[in-house]
Amino acid sequence: MAITTVPGATRKPGRPAPSYAGPQRTSFGRKLRDNLTGHAFLIGAVLCFGVFSWYPMIRGVVMSFQRTRRGVTTWVGWDNYERIIADPSFWTAWKNTFYFTLLALVLGYAVPFFVAILLNEFRHAKGYLRMLVYLPVMLPPASALFLFKFYAYDPSEAGLFNAILKALHLPTSQWMQSPGMTMPAMVLASTWMNMGGAVLIYLASLQNIPGELYEAAELDGAGIWRRIVHVTIPQTRLILALLAMLQIVATMQFFIEPLILANGAGAEDSATSVAYLIYQHGFFQNDLNGAAALGVLMLVVLAGFSAVYVRLSSKQD
């Protein structure tokens, strides 16, 4: 006769029945702890953004419609904007800012891309060359600009650039003391100290391009320039578009270059930027409401550029 074993029949008296809810509870507890940990990190990031980014932004917008005198704050509507726009320095600052951005796109945007293409062609000492290009980024911006101001842009013949011009039998320049050379000199210094990061990003993008495309182009008789135009640029167009947008946003907020190289406004206000004008209103004229209004105008302009970029990117996708 077959003996049927009933589960739990051999359990000793007094021992509790096994619980099958334990693993479920353990799994639920683990998920709860994971969710709490993730939300804790998320709340910390949201608080940091809220306190140090979103609140100052909202506070600046509110201040642009107020006026504070002797501790008394009143709402004045658009008066701060009208007063800022009526300031002659307002239009000079915007003209200089757009001029700097245009020069930076011509020089500071194109040079890192072609430097990355050149470095990508080297077969030896790649690490050393990348470190050499990235080295200026590791310098504090103030130190790099003081280096240019007192060593490279010295208006005497002892300055590096004037010594090079003299060796080539070319006329020397006053550099930062000349209104016509102030902006190109600032763009040159800014490009030198900031291009390392863009070069590394371009290098990473170039190394993802399949080699078969270049081989096919070479078989078709394409030279180096045609390979760049028909292979390199189309394959890196997304990175190029993104860095172009970042370049515009960054260069339109340039501040430390005129502050150090041109002592602020420069010769005949040739270096006054919108960011420096905000600094001047806020810290020299004690006009925080006017500075806030000018900051909101810059925010609107940069948001417009960003909206155009997002629109064009969505169409390309």
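Quick notes on the rules
- Residues numbered from 1 in each chain as written.
- Predicted model: local features only at pLDDT ≥ 70, side-chain atom pairs only at ≥ 80, totals over all residues.
- Heavy atoms only, no water.
- Helix = DSSP H or I, 4+ residues; strand = E, 2+ residues; numbered from the N terminus.
- Rg over C-alpha atoms; globule rule 2.2 N^0.38 Å.
- Buried < 20%, exposed > 50% of the residue type's maximum accessible area, 1.4 Å probe, protein only.
- Contact = heavy atoms within 4.5 Å.
- Areas by Shrake-Rupley, 256 points an atom, 1.4 Å probe, with all protein chains shown as cover.
- Lys, Arg positive; Asp, Glu negative; His and termini not counted.
- Charge placed at Lys NZ, Arg CZ, Asp CG, Glu CD.
- Expected span 1.5 Å × (residues − 1).
- Arc of directions from axis to C-beta.
- Pairing = 2+ DSSP bridges.
- Patch = residues over 30% accessible without salt bridge, like charges linked within 9 Å, V, L, I, M, F, W, Y side chains within 5 Å.
- Salt bridge = Lys/Arg side-chain N within 4 Å of Asp/Glu carboxyl O.

As a further point, take the overall build of the protein chain. Summing up its helical and strand segments, the protein chain has 14 helices and 2 strands in all. The C-alpha radius of gyration computed for the protein chain amounts to 30 Å, which surpasses the reference 20 Å derived for 317 residues by more than 25%, pointing to a less compact arrangement than a globule. In terms of its C-alpha atoms, the protein chain occupies a principal-axis envelope of roughly 115 × 75 × 40 Å. Scored against the burial criterion, the 317 residues of the protein chain give a buried share of 32%. Taking contacts inside the protein chain between residues at least 6 apart in sequence as the whole, the part at least 24 apart equals 64%. Of the roughly 20200 Å² of accessible surface on the protein chain, 67% is carried by carbon and sulfur atoms. Distance between charge centroids for the protein chain: 20 Å, based on 23 positive and 16 negative side chains.

On to helix α4 (residues 110-121). With 12 residues, α4 extends 17 Å between its outermost C-alpha atoms, agreeing within 8% with the 16 Å of an ideal straight helix rising 1.5 Å per residue. Buried residues along α4 sit in contact with α3 (88-108), α5 (126-138), α8 (179-206), α10 (224-235) and α11 (237-251).

Looking now at helix α7 (residues 160-167). Buried within α7 we find F161, N162 and L165. When α7 is viewed along its axis, its buried side chains cluster within an angular range of 95° and face the same direction. Looking at the buried positions of α7, the neighbouring elements they touch are α6 (141-152) and α8. Of the residues flanking the end of α7, it is H169, one or two places downstream, whose phi is positive at about 60°.

Looking now at the pairing of strand β1 (residues 66-69). With 4 bridges joining them, β1 and strand β2 (residues 72-75) adopt antiparallel strand pairing. Note that in β2 the partner of R67 across the bridge is T74. Where β1 folds back on β2, the antiparallel hairpin that results is connected by 2 residues, among which R70 adopts a positive phi of roughly 55°.

A few words on a nonpolar patch on the surface. A cluster of nonpolar side chains, contributed by Y128, M131, L132, Y134, L135, V137, M138 and L200, occupies part of the molecular surface with about 730 Å² of accessible area. Tallying contributions element by element places α5 first for the nonpolar patch, with 7 residues. Structurally, V137 can be placed in helix α5.

Before going further, it helps to spend a moment on the pattern of salt bridges. Evaluated as defined, the whole model comprises 1 salt bridge. Residue R83 is joined to D287 by a salt bridge in which the shortest nitrogen-to-oxygen separation is 2.6 Å. Of the two residues, R83 is situated in helix α2 (residues 79-86) and D287 in the loop between α13 (274-284) and α14 (288-316); the sequence distance between them amounts to 204 residues. Residue classification places R83 among the partly exposed residues on the basis of a relative accessible area of 32%. Taking the relative accessible area as the measure of exposure, D287 reaches 7% and is therefore buried.

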